[in-house]
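Residue-level structural notes
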Amino acid sequence: MMDFKRRKFIKQAALGSFATVIGADIVYGNKIPKGYNLLGLQEPDPFKLFNKDVDMTLLNSKPWNMEAKAHLLDDKITPNKFMFIRNNGLIPEDINADNWTLTIDGESVEKTKIYTLNDLKTKFKHYSYQLTLECGGNGRSEFNPPAKGNQWTIGAVSCAKWTGVRLKDILTDVGIKDDAVYIGYHAADIHLSRDPTKEPISRGAPIAKAMQDETLLAFEMNGGPIPLAHGFPLRLIAGGWPASVSGKWLNKISVRNVEHDGAKMTGTSYRVPCKPVAPGEKVKDEDMCIIKSMPVKSLITFPKSGAIIDEGKKLDIRGHAWAGELQVNKMEYSIDFGSTWNSCSIEKPVNRLAWQHFNASIAFPQKGYYEVWARATDSQGKSQPMLLPGWNPKGYLNNACHRIAIKVA
Ligand SMILES: Nc1nc2c(c(=O)[nH]1)N[C@H]1C(S)=C(S)[C@@H](COP(=O)(O)O)O[C@H]1N2
Ligand SMILES: [Mo]
């Protein structure tokens with residue numbers, strides 16, 4: 001947490017003496033070119049700060065947003081170093097896990113109840129699940145006309161192992177009324193404006209999703225404390241839905257008798273046109289519907305795009321596929337731009353809402369340039385679109401087939 005405190009301090013002191021901040025006299029201070037940004041005053045290195053692999057792509061530093069590349073997501077369980085970061089505001093600066101509490105309130109609770117983190121850890125049964133979290137805006141960069149926001153390519157998805165207590169066990173302990181329809185989360189992160197009355201994000205899910213076995217109040221990721229950027233010390237995890245439902249730095253859940261109306265729940269946020277629209281068409285707020293389960297999708301994580309193989313050799317490919325609340329039933333690949341498809345073998349998920357692993361061994365007819373395209377089909381028979389799904393104003397839900405380039409030499 002040191003770095004954040006330091007940064008805050010730097011901000012406050014910036015107009016005063018730079019030397020105090022750097023902790024030494026700037027010997028040639030009078031020679032600094034005008035407008036030059038001293039290295040000692042620059043943003044911290046996010047790769048070091050968040051323990052991320054240097055091959056990750058930084059999309060934004062205010063707030064921090066970082067994504068993976070397909071080949072970095074090869075692990076069955078995503079390690080922290082390859083996990084995308086999507087922040088809407090600033091990471092809380094003074095986290096103290098020892099006095100962290102979770103409040104459960106709202107119109108539909110009998111009585112507001114406050115749990116310490118220790119209460120959650122000691123009084124309720126623990127569960128672990130591997131859960132796929134994909135940002136609703138993953139793939140946004142391909143839409144035309146383009147949508148504003150982080151230009152995610154394919155890397156805003158992860159499947160880590162999360163451990164915590166079931167939200168339903170806590171809600172049952174609190175006692176919720178029959179009129180409960182939604183839960184909304186509140187968290188400790190800071191609005192970009194630093195206005196304490198504003199929340200960067202406060203989303204939620206219908207009560208039925210909140211009561212699923214796999215919906216967790218998590219305090220561990222991959223067997224250790226949740227990394228700072230991913231919600232330490234407590235996080236809501238709702239796999240299969242836009243990852244924006246999985247509130248980080250969680251300190252309150254409100255049980256609502258109406259659809260939750262927190263920051264980024266209303267207007268066009270995390271919503272798509274209820275009926276398909278033409279690219280670029282204006283859509284009224286009331287014609288936008290909240291995104292629920294994420295659509296079927298897959299990624300080829302091996303080999304890395306651009307691989308070269310020898311003529312006559314087979315190419316082994318592998319990757320993951322997921323389908324929101326559903327399962328992936330069929331996985332195929334094409335080497336002729338989608339003209340014909342062949343099947344891959346696909347494993348069952350280790351638990352509901354975990355991504356599934358596929359592989360195939362591909363023979364190429366002759367030397368030359370190829371693209372391998374991958375296509376998943378969900379348990380309701382819906383497949384990924386080959387190029388782009390329906391355009392929408394905010395660039396959500398791009399589940400187009402992933403492709404890699406291969407040269408047979
Ligand atoms: N408190 C809080 N929770 C949050 C966010 C945030 O900005 N603040 N971002 C949401 C969004 S939009 C996404 S996609 C996921 C990203 O999770 P990750 O950064 O752990 O990958 O967290 C969600 N939970
Ligand atoms: Mo997101």
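Definitions and limits used
- Residues numbered from 1 in each chain as written.
- Chains lettered and ligands numbered in written order.
- Predicted model: local features only at pLDDT ≥ 70, side-chain atom pairs only at ≥ 80, totals over all residues.
- Heavy atoms only, no water.
- Helix = DSSP H or I, 4+ residues; strand = E, 2+ residues; numbered from the N terminus.
- Rg over C-alpha atoms; globule rule 2.2 N^0.38 Å.
- Buried < 20%, exposed > 50% of the residue type's maximum accessible area, 1.4 Å probe, protein only.
- Contact = heavy atoms within 4.5 Å.
- Areas by Shrake-Rupley, 256 points an atom, 1.4 Å probe, with all protein chains shown as cover.
- Lys, Arg positive; Asp, Glu negative; His and termini not counted.
- Charge placed at Lys NZ, Arg CZ, Asp CG, Glu CD.
- pLDDT = per-residue confidence, 0-100.
- Pairing = 2+ DSSP bridges.
- Near = heavy atom within 4 Å.
- Polar contact = N/O pair within 3.5 Å; in protein donor to acceptor, adjacent residues only side chain to side chain.
- 1 Å grid on protein atoms, 1.4 Å probe; cavity = no way out; pocket = protein on both sides within 12 Å on 5 of 7 lines; lining within 4 Å.
- Sits in = over half its atoms within 2 Å of the grid points.
- Nonpolar A, V, L, I, M, F, W, Y, C, P; charged D, E, K, R; others polar.
- Phe/Tyr/Trp six-rings, centres within 6.5 Å; stacked < 30°, edge-to-face > 60°.
- Lys NZ or Arg CZ within 6 Å of the ring centre and 35° of its normal.
- Core = buried A, V, L, I, M, F, W, Y, C linked by side-chain atoms within 4.5 Å.
- Domains from an automatic or database assignment.

1. Considerations on the overall build of the protein chain
- The number of helices and strands found in the protein chain is six helices and 24 strands.
- A compact globule built from 409 residues would reach a C-alpha radius of gyration of about 22 Å, and the protein chain, at 23 Å, matches this within 12%.
- The principal-axis extents of the C-alpha atoms in the protein chain amount to approximately 70 × 65 × 45 Å.
- By the burial criterion, 51% of the 409 residues in the protein chain qualify as buried.
- Contacts in the protein chain between residues at least 24 apart in sequence constitute 70% of all its contacts with a sequence separation of at least 6.
- Total accessible area computed for the protein chain in this model is approximately 19000 Å², and 52% of it derives from carbon and sulfur atoms.
- In the protein chain, the 53 positive side-chain charges and the 43 negative ones have mean positions that sit 3 Å from each other.

2. Regarding the confidence of the model for the protein chain
- Confidence in the prediction for the protein chain averages 94 pLDDT; 94% of positions are at 70 or higher.
- Per-residue pLDDT stays below 50 along residues 6-16; that stretch engages in 11 contacts with residues further than four places along the chain or on separate chains.

3. Things to note about the pairing of strand β7 (residues 157-166)
- Of all 10 residues in β7, nine are buried, a share of seventy percent or more.
- Bridge count between strand β6 (residues 126-134) and β7: nine bridges; the pairing is antiparallel. Within β7, the residue paired with Y129 across the bridge is W162.

4. Points about the site of ligand 1
- Close to ligand 1 lie 19 residues; F84, N88, D189, H230 and K248 are nearest.
- At 2.9 Å, a backbone N or O of R86 approaches an oxygen atom of ligand 1.
- For ligand 1, the accessible surface in isolation is 530 Å², of which the surrounding protein chains cover 100%.
- Among the cavities detected, the one that contains ligand 1 is the largest cavity.
- When residues of the shell around ligand 1 are traced back to their parent elements, those giving at least two are β3 (85-86) and β8 (182-187).
- Among the residues making up the shell around ligand 1, the classes are represented as nine nonpolar, six polar and four charged.

5. A closer look at the packing of aromatic side chains
- Throughout the structure, instances matching the rule amount to eight aromatic pairs.
- Here Y270 and Y396 contribute two aromatic rings whose centre-to-centre distance is 5.3 Å and whose plane-to-plane angle is 25°, an arrangement assigned as stacked. Taken together, the residues span a long stretch of sequence, with Y270 in the loop between β13 (250-256) and β14 (271-273) and Y396 in the loop between β23 (368-378) and β24 (402-408) at a distance of 126 residues. Each of the two residues, Y270 as well as Y396, counts as buried.
- The residue whose ring lies beneath R318 is F302, and the NZ or CZ to ring-centre distance is 4.3 Å.
- Stacked on the ring of W341, the Lys or Arg R375 has its end atom at 4.1 Å from the ring centre.

6. Observations concerning the nonpolar core
- Of all hydrophobic cores here, the largest spans 54 residues; its most connected members are I104, I170, I183, L217, L234 and I253.
- The biggest single contributor to this core is helix α5 (residues 167-174), with four residues.
- Inspection of this core shows a minimum of three residues originating in each of domain 2 (51-290) and domain 3 (297-408).
- Other than its neighbours up to four places away in sequence, I183 contacts L167, L171, R203, G204, A205, I207, A210, L236, I253, S254, V255 and H260.
- The next biggest cluster of nonpolar side chains, apart from the first, holds 24 residues, and it includes I309, A321, V328 and M331.

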